[in-house]
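Examination of the molecular architecture
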Amino acid sequence: MAGAEWGSLEQCLEKHIPPAELREVKRILYGKETRKLDLPSSAFEAASREDFELQGYAFEAAEEQLRRPRIARVGLVQNRTPLPTDAPVAEQVAALHKRIEAIVEVAAACGVNIICFQEAWTMPFAFCTREKLPWTEFAEPAEDGPTTRFCQKLAKKHDMVVVSPILERDGEHGDVLWNTAVVVSNSGAVLGKTRKNHIPRVGDFNESTYYMEGNLGHPVFQTPFGRIAVNICYGRHHPLNWLMYSINGAEIIFNPSATIGALSESLWPIEARNAAIANHCFTCAINRVGLTNASLCSFKAHRDFGYFYGSSYVAAPDGSRTPGLSRNQDGLLVAELNLNLCRQMNDVWNFKMTGRYEMYARELAEAVKPNYSPTILKE
Ligand SMILES: NC(=O)NCCC(=O)O
């Protein structure tokens, strides 16, 4: 299984496939070509100085007579944890704040309206360890914890909506922990929060010892730049999870994640992209980068957790997608979306019209009953 030495699928294709054939390969693998965004050279200089990758693409939509284009720029951030995992907790959090602040500066220079960070971005990905301390010390209140206050400052300064996935400690309700994304409006106010609905029980991703299944349903956040939702990590394997955000009106669904090569790298390009197609919306898949190096783990197997392969990308409702960020570098992916494409694709494919939701609602209501017997016809 490749680690950091293998840069990305895109780099490999560019290197080995002749240009004419590459066009066809990309047409089939990536759908309609996304236009490269003309980002300021100062942004590229700053990204290079700060040692992270910067890429930008735009998705086009057809011109309409009655609606103007509804343009939103999103920023997806993937990053390593800058300090070793045995550094003091407060220092690790401060180092991550500093790193993200620098990346958000560049996002602002690129005109980003909505930015989203990776899952549990203020901490190393320690949920593999089953150990409580020090990892639970990274949990913070969603409404007014230090990270939310930090994001509020960024949001206000840059007139940018900030989606901040953290480990939440709900001090008002029994100190319960949740895997939460806080959505901060561009005004700096906390718009609300959403919680991870599905908890992995796969391989070392046994996260149920740390936080509970989300109890907030599928909220959608109205921002001046479009309606957004957050489907956290493992929720991307659940088509009904995406569907409910879409039914509640999401035009952009972020999927902040933490996942490793051996488990999911071949699923990664499919799932968020398929969700964009099936739900007539944009999806933004974000994965962290590097080794988890959770050096305090007592079990060797959990010290060597696997390689987080980055490869963050954006997919559109017409099935097109951006290239991914690399597998081995911190990065900012900027994508310009014309949200009119959502309804345009809805009108082409009519999945909402043909979805037969009332039939599934009826059948599912029966299927979850303990005495349900599956409809199997036999000779
Ligand atoms: N953090 C998390 O939910 N990881 C699960 C692994 C995966 O869904 O690929």
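No experiment lies behind these values; they were computed from the predicted model shown.

**Quick word on helix α3 (residues 41–49)**
For α3, every residue scored as buried is listed here: Ala43, Ala46 and Ala47. Projected down its long axis, α3 shows its buried positions confined to an angular sector of 100°, all on one face. Summarising the geometry of α3, the exposed residues directed more than 90 degrees from the buried face are Ser41, Ser48 and Arg49. Buried residues along α3 sit in contact with β2 (53–58) and α4 (89–109).

**As for the sheet that holds strand β16 (residues 313–315)**
Across the sheet, five strands lie side by side as β10-β11-β12-β13-β16; this open sheet has mixed pairing. Either end of the sheet is taken by a strand with one partner, and the two such strands are β10 (221–223) and β16. Put simply, the sheet's adjacent strands are angled 25° from each other on average, direction ignored. Both strand β12 (residues 252–257) and strand β13 (residues 282–287) contribute to a ladder of six bridges, which runs parallel. Bridged to Ser257 within β13 is Asn287. On the sheet, helix α6 (residues 239–247) packs against β11 (226–230), β12 and β13 and is oriented at approximately 145° with respect to β12. The strands touched by helix α8 (residues 268–279) are β12, β13 and β16; relative to β16, the strand with the most contacts, the crossing angle is about 35°.

**Things to note about unusual backbone geometry**
Generally, phi is negative for residues other than glycine and the peptide bonds are trans, each holding for most cases. Of note, the bond from Leu133 into Pro134 is cis; its omega dihedral lies within 30 degrees of zero at 5°. Along the chain, Pro134 falls in the loop between β4 (114–116) and α5 (146–158). If you check the backbone angles, Ala120 has positive phi at about 45° while not being a glycine. Unlike most non-glycine residues, Arg356 shows phi in positive territory, near 55°. Within the secondary structure layout, Arg356 lies in the loop between α11 (351–354) and α12 (357–367). Using a relative accessible area of 44% as the deciding quantity, one classes Arg356 as partly exposed.

**Examining the packing of aromatic side chains**
Inspection of the entire model under this criterion finds twelve aromatic pairs. Judged by centre distance (5.0 Å) and plane angle (70°), the rings of Phe125 and Phe127 are edge-to-face. Each member of the pair, Phe125 together with Phe127, is buried. Ring plane angle 85° and centroid distance 5.8 Å describe the contact between Trp268 and Tyr309, whose orientation is recorded as edge-to-face. You can see Trp268 sitting in helix α8 and its partner Tyr309 sitting in strand β15 (residues 307–309), a full 41 residues away along the chain. Residue Trp268 shares its accessibility class with Tyr309, and that shared class is buried. Taken together, Phe125, Phe127, Phe205, Tyr210, Tyr211 and Phe308 form an aromatic cluster joined through their ring pairs. Over the ring of Tyr313 we find Arg321, and its NZ or CZ is 4.0 Å from the ring centre.

Calculation criteria
Residues numbered from 1 in each chain as written. Predicted model: local features only at pLDDT ≥ 70, side-chain atom pairs only at ≥ 80, totals over all residues. Heavy atoms only, no water. Buried < 20%, exposed > 50% of the residue type's maximum accessible area, 1.4 Å probe, protein only. Helix = DSSP H or I, 4+ residues; strand = E, 2+ residues; numbered from the N terminus. Arc of directions from axis to C-beta. Contact = heavy atoms within 4.5 Å. Pairing = 2+ DSSP bridges. Axes fitted to C-alpha atoms, helices over the stretch in contact; angles between N-to-C directions. Phe/Tyr/Trp six-rings, centres within 6.5 Å; stacked < 30°, edge-to-face > 60°. Lys NZ or Arg CZ within 6 Å of the ring centre and 35° of its normal.

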